[in-house]
Amino acid sequence: MNVTGVFELGSDVDVLSFDLEASRTYVVRGDRTTIRILDPLGAQVALAYEWETGDHTFTAPSSGAYAAELKSQQPYLQREMAWSFSLREQ
């Protein structure tokens with residue numbers, strides 16, 4: 001999954017939804033965004049950062065609909081800024 005979008009202001013939050021399977025490991029990456037992954041119950045999933053690649057990895061604790069909450073790295077910016085997000089199975 002590769003998605004691009006625009007933060008209209010620095011305080012904008014964009015949310016993506018996708019289905020994942022339990023016990024599988026996934027890799028997420030974002031450009032110009034901070035990423036928070038929420039499981040089907042709304043709990044935040046811990047992301048492990050890989051220094052060499054800049055990727056974040058996690059293992060899905062359960063199957064179901066997950067959400068990625070994307071926020072600007074510059075929350076006080078007063079202009080539009082493009083972002084990108086990718087998700088793939090490891």
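Definitions and limits used
- Within every chain, residues take consecutive numbers counted from 1 along the sequence as written.
- Reporting in this predicted model follows two pLDDT cut-offs: at least 70 for local features of residues, and 80 or more for side-chain atom pairs to be given and counted; totals over whole chains, interfaces and linings ignore these cut-offs and use all residues.
- Values reported for side chains reflect all heavy atoms of the structure, with hydrogen atoms and water molecules removed beforehand.
- Runs of E in the DSSP output that reach at least two residues are strands. Runs of H or I that reach at least four are helices, and both are numbered from the N terminus.
- Classification of residues uses two cut-offs on accessible area relative to the type maximum, computed with a 1.4 Å probe and protein chains only: under 20% is buried, over 50% is exposed, and between them is partly exposed.
- Residues are treated as being in contact if the distance between any of their heavy atoms lies within 4.5 Å.
- Any two strands with at least two DSSP bridges between them are considered paired.
- To define axes, lines are fitted to C-alpha atoms, for helices over the stretch in contact only, and angles between the resulting N-to-C directions are given on a 0 to 180 degree scale.

Looking at the element boundaries, M1 is found in the segment before β1 (2-7). Classification of M1 by relative accessible area gives partly exposed; the value is 40%. What M1 contacts, discounting residues up to four positions off in sequence, is S17, F18, F85, S86 and L87.

All right, on to the pairing of strand β6 (residues 55-59) then. Relative to β6, strand β3 (residues 25-31) is paired through four bridges, and the arrangement is antiparallel. Bridged to T25 within β6 is T59. The hairpin turn running from strand β5 (residues 48-50) into β6, its antiparallel successor, is four residues long, and G54 in that turn takes a positive phi close to 80 degrees.

Attention now goes to the sheet that holds β5. Strand-to-strand pairing in sheets goes through backbone hydrogen bonds, with the strands running parallel or antiparallel. Overall, antiparallel pairing links the five strands, which are arranged β1-β8-β3-β6-β5 in an open sheet. Across the chains shown, the open sheet's two edge strands, defined by having one partner strand only, are β1 and β5. Neighbour to neighbour, the strand axes of the sheet diverge by 25 degrees on average, direction disregarded. Sheet topology note: the β3/strand β8 (residues 81-89) ladder contains six bridges and is antiparallel. The residue of β8 that forms the bridge with D31 is S84.

The three strands are arranged β2-β7-β4 in an open sheet whose pairing can be described as antiparallel. Each edge of the open sheet is held by one strand with a lone partner, namely β2 (13-20) and β4 (33-38). Ignoring strand direction, the axes of neighbouring strands in this sheet form an average angle of 25 degrees. Inspection of the sheet shows β2 paired to strand β7 (residues 64-72) by eight bridges, in the antiparallel sense. Directly across from L16, in β7, lies its bridge partner A68.

The topology assignment puts S72 in strand β7. Taking the relative accessible area as the measure of exposure, S72 reaches 6% and is therefore buried. Beyond its immediate stretch of four places on either side in the chain, S72 contacts F7, G10, D12 and R32.

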